[in-house]
Amino acid sequence: DDDMFYNAFCENSEKLIDVHLFALAAKYYSLPSLGVCTPLEDVLEALKGNSQGATGIKPDEFMNNKKSHEVQVMSEVIDNIANYCGIKQVIDIGSGKGYLSSFLSMQYNLKVYGIDFSNSNTNGAHERNRKLKKHWKAYQSRGRANLRTQSLEKTNDRPVETEMKYKTINEEFLNNAKSLQSQDQVIMQDLVPFCGVTEMGTFETRTETEADLVAQTKSLEGKLSEEVLAILNVLPADAVEVSSSSHCNWGELCEEEKVQRKMTSLKTKGMKSSESNLYLPLTSCITAETELSDIVTDLEDCMMVGLHTCGDLAANTLRIFAAKPEIKAVCSVGCCYHLLSEQFENQEECCNKVWGFPMCQYLKDKGWCCGRNARMSACLALERVAVGQMLPTDSLFYRAVLQVIIEEMYGVTKSDRHVGKTFSKSSSFIDYVRRSLKKLELDDSKLPDSCIMDYYEKYKHRMDELEAFNMLKVVLAPCIEVLILLDRLCYLKEQENIAWSGLVKLFDPVKSPRCYAVIALKDESCS
């Protein structure tokens, strides 16, 4: 009964009186409890079929654990969607330093354009690409070793009998959002092949002859050669740097190696005049009205992706996807909800602006507004706190007292400037305040150290109160995130050209708190 949750607050004062009931209500209205998400396993199952397989590169070799986890999971989903839609071009919005873009290009042989507003990020992406080229041979060797191990494992564990089974995507499956081809009615009744082992049977032990082993080795080396050539396809012309020690006598090479090197040379030369299958970082500002063809000159049927697209960029990504027929799919993970623009937050501002929230007509009709404080709360990480990664109480206390100081001593209640990560660079509260005032362009000479410490001592006894307040914000965070994510999903559901759309939990929320992706596929009959 939803009404029972109102008892957490006093009817007259509207103050919180039952913390336990408040926590239960917050959990009840979180995404996992509402049951509106499509499981990642169901998405991959519905999409599977034409995946080309990976080259064996592990992302943790050139990025941190958090980014590695995000890139590995999301790139697999993107590759499956691209294969399902029969497309090879990917537009990575808010690509940053190109972690996802470069991995999609190298691992899955996709042609990726990474677009970021920051010139420094684009330059960083170019520099990172340069380093990847420098170490590419090492990654390539590891990938080859991984493939050899996987192939041998498959050889040792292959079943006696494998048969093809087919299953029909039926109406009930579609209505439960476990297929990606229909939204409200069944528009596809094709048979989807399902490769699986249905009867394990008993394995017969036999001794393989030397001839069998030689044949397997040749087959494996042939596959590895194909994989290496496929990898070379996605690199710039100067990607593999050849040192003098790697040269060998051409006459000593076997015919097969000569042919392979010649093919590689031809591919490299061809790539100097053609940039297909490259990851190309670009700098541009993306808005809802952006024409991608003005940025990507060889735009073709493609999909848009975004890993932690900031603020309004996530909303604009979905709007561009819905509006452009050449964009066949989207996979977007948003972040930085506090930077969203809200239509009904400041009524005096321009009414014709395209806002980040709300997107769907349902919430627009209700004039719904979250407010900056609520959006800030939505950025908190409940799952991390639940496993013991507590909130930074000291820095939050410093920030709260600073707010009081600048209001009472300078009369400032609102500023476009930000304090940023000043706490980690400060040796004391006095140092923190002075650094912050300089960032806010306020004169700190009028504020003696004794005055700063007086404020600290005045509020020090309220640190526990502040911590309790922030814990309540953490508990409420998933509910506010639900509202923002469901708004985006409802917007897609309102579009007539979308075949399927859903929310999918991609990441471990402890590793990556903003873990939900908005995924959608176009209805090809509307093209």
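Keep in mind that what you see is a predicted model, and the values were worked out from it rather than measured.

Engineer: Describe the sheet that holds strand 8 (residues 498-505), naming the residues involved and giving the relevant values.
Structural biologist: Spatial ordering of the open sheet is given by 5-2-1-6-7-9-8, a layout of seven strands whose pairing is mixed. For this open sheet the edge positions go to strand 5 (279-283) and strand 8, each flanked by a neighbour on one side alone. Each neighbouring strand pair of the sheet contributes to a mean axis angle of 15°, computed without reference to strand direction. Two strands pair when backbone bridges link them, and strand 2 (residues 111-116) and strand 5 are joined in this way by five bridges, in the parallel orientation. Opposite Ile115, over in strand 5, you have Leu282 as the bridge partner. Together, strand 1 (89-93), strand 6 (302-310), strand 7 (327-335) and strand 9 (516-522) form the strand contacts of helix 4 (residues 65-85), whose direction differs from that of strand 6 by roughly 160°. Contacts from helix 19 (residues 463-494) reach strand 7, strand 8 and strand 9, with the element oriented near 165° to strand 8.

Engineer: Describe in detail the confidence of the model for the chain, supporting the description with residues and values.
Structural biologist: Looking at the chain, the pLDDT average stands at 77 and 65% of residues meet or exceed 70. Low pLDDT, under 50, characterises residues 158-211; the predicted model gives this stretch 73 contacts beyond four residues in sequence or across chains. Contacts of residues 265-277 to residues separated by more than four positions or lying in other chains number 20 contacts, the stretch itself having pLDDT below 50.

Engineer: So what's going on with the pairing of strand 7? Which residues, and what values?
Structural biologist: In terms of residue burial, strand 7 counts as a mostly covered element, since nine of its nine residues are buried. Taken together, the eight bridges between strand 6 and strand 7 define a ladder with parallel strand orientation. Considered in strand 7, the bridge of Leu307 is made with Val333. A crossover links strand 6 with its parallel partner strand 7, the connecting element being helix 12 (residues 312-323), and its sense is right-handed. Strand direction decides the pairing type here: strand 7 and strand 9, joined by four bridges, are antiparallel. Looking across to strand 9, one finds that Ala329 is bridged to Leu521.

Engineer: Give me helix 1 (residues 19-28): which residues, what numbers.
Structural biologist: Inspection of helix 1 places Leu21, Phe22, Ala25 and Ala26 among the buried residues, and these make up the whole buried set. When helix 1 is viewed along its axis, its buried side chains cluster within an angular range of 140° and face the same direction. Exposed side chains of helix 1 directed beyond 90 degrees from the buried face belong to His20 and Lys27. In this fold, the buried residues of helix 1 make contact with helix 19.

Engineer: Just give me the short version of the nonpolar core, but keep the residues and values in it.
Structural biologist: Formed by 75 residues in total, the largest nonpolar core has its most connected members in Met74, Ile78, Ile81, Ile91, Met303, Cys331 and Leu506. Once residues lying within four places of it in the same chain are set aside, the contact partners of Met303 are Ile78, Ile81, Ala82, Ile87, Gln89, Val90, Ile91, Ile327, Ala329 and Cys331. If you look at the next biggest cluster of nonpolar residues, it comprises 22 residues, including Val433, Ile452, Tyr455 and Leu466.

Engineer: Please give an account of the packing of helix 1 against helix 19 that cites residues and values.
Structural biologist: Contact geometry for helix 1 and helix 19: axes closest at 8 Å, N-to-C directions at 25°. In terms of their interaxial angle, helix 1 and helix 19 are classed as roughly parallel. As for the relative orientation of helix 1 and helix 19, their crossing is left-handed in sense. Counted together, Val19, Phe22, Ala23 and Ala26 of helix 1 and Leu472, Val475, Leu476 and Cys479 of helix 19 form the full contact between these two elements.

Engineer: Describe in detail the pattern of salt bridges, supporting the description with residues and values.
Structural biologist: On inspection of all chains with the given rule, the structure shows 16 salt bridges. Lys324 is the salt-bridge partner of Glu291, the closest N and O atoms lying 2.9 Å from each other. Of this pair, Glu291 sits in the loop between strand 5 and helix 11 (292-295) while Lys324 sits in the loop between helix 12 and strand 7; the two residues are 33 residues apart in sequence, bridging distant segments of the chain. On the basis of relative accessibility, which here comes to 16%, the residue Lys324 falls in the buried class. Among the salt bridges present, the one from Arg434 reaches Asp449, with a minimum N-O distance of 2.6 Å. One end of the pair, Arg434, is in helix 17 (residues 429-439); the other, Asp449, is in helix 18 (residues 449-459), with 15 residues separating them in the sequence. A residue is classified by how much of its surface remains accessible, and Asp449, at 39% relative accessible area, is partly exposed. Linked by salt bridges that have partners in common, Lys66, Lys67 and Glu70 make up one network.

Engineer: Which residues make up the packing of helix 17 against helix 18, and what values do they have?
Structural biologist: At a minimum axis distance of 10 Å, the contact between helix 17 and helix 18 shows a crossing angle of 110°. Relative to helix 18, the element helix 17 is oriented roughly perpendicular. Between helix 17 and helix 18, the contacting residues are Phe429, Ile430, Val433 and Arg434 on the first element and Asp449, Ile452, Met453 and Tyr456 on the second. Split by residue class, the contact of helix 17 with helix 18 holds six nonpolar, no polar and two charged.

Engineer: Which residues make up unusual backbone geometry, and what values do they have?
Structural biologist: The amide bond that connects Phe357 to the next residue, Pro358, takes the cis arrangement and shows omega of -5°. As for its placement among the helices and strands, Pro358 is situated in the loop between strand 7 and helix 13 (361-365). Residue Glu14 is not a glycine yet carries a positive backbone phi of 65°. For Glu14, a relative accessible area of 63% puts it in the exposed group. The residue His308 is not glycine, and still its phi comes out positive at about 60°.

Engineer: Lay out the pairing of strand 8 with the relevant residues and their values.
Structural biologist: Burial analysis of strand 8 places seven of its eight residues in the buried class, which makes it a mostly covered element. Of the strand pairs in this sheet, strand 8 and strand 9 are connected by seven bridges, and their pairing is antiparallel. The residue of strand 9 that forms the bridge with Lys505 is Tyr516.

Engineer: Break down the packing of aromatic side chains for me, citing the residues and quoting the values.
Structural biologist: Applying the stated criterion across every chain, the model contains twelve aromatic pairs. Aromatic side chains Tyr398 and Tyr456 sit 6.5 Å apart centroid to centroid with 80° between the ring planes, which places their arrangement in the edge-to-face category. Remark: Tyr456 occurs in helix 18 and Tyr398 occurs in helix 16 (residues 393-410); sequence separation between them is 58 residues. Here Phe429 and Tyr432 contribute two aromatic rings whose centre-to-centre distance is 6.5 Å and whose plane-to-plane angle is 25°, an arrangement assigned as stacked. Highlighted residues: Phe429 and Tyr432, both in helix 17, separated by three residues, approximately one helical turn. There is no split in this pair, since Phe429 and Tyr432 are both buried. Taken together, Phe397, Tyr398, Phe423, Phe429, Tyr432 and Tyr456 form an aromatic cluster joined through their ring pairs. The residue whose ring lies beneath Lys446 is Tyr410, and the NZ or CZ to ring-centre distance is 4.8 Å. In this structure, Lys522 is placed above the aromatic ring of Phe321, and the distance from its NZ or CZ to the ring centre is 4.7 Å.

Rules behind the numbers
Residues numbered from 1 in each chain as written. Predicted model: local features only at pLDDT ≥ 70, side-chain atom pairs only at ≥ 80, totals over all residues. Heavy atoms only, no water. Pairing = 2+ DSSP bridges. Helix = DSSP H or I, 4+ residues; strand = E, 2+ residues; numbered from the N terminus. Axes fitted to C-alpha atoms, helices over the stretch in contact; angles between N-to-C directions. Contact = heavy atoms within 4.5 Å. pLDDT = per-residue confidence, 0-100. Buried < 20%, exposed > 50% of the residue type's maximum accessible area, 1.4 Å probe, protein only. Right-handed = clockwise from strand over helix to strand, strands pointing away. Arc of directions from axis to C-beta. Core = buried A, V, L, I, M, F, W, Y, C linked by side-chain atoms within 4.5 Å. Parallel < 35°, antiparallel > 145°, perpendicular 65-115°, else oblique. Left-handed = near helix turned anticlockwise from the far one by under 90°. Salt bridge = Lys/Arg side-chain N within 4 Å of Asp/Glu carboxyl O. Nonpolar A, V, L, I, M, F, W, Y, C, P; charged D, E, K, R; others polar. Phe/Tyr/Trp six-rings, centres within 6.5 Å; stacked < 30°, edge-to-face > 60°. Lys NZ or Arg CZ within 6 Å of the ring centre and 35° of its normal.

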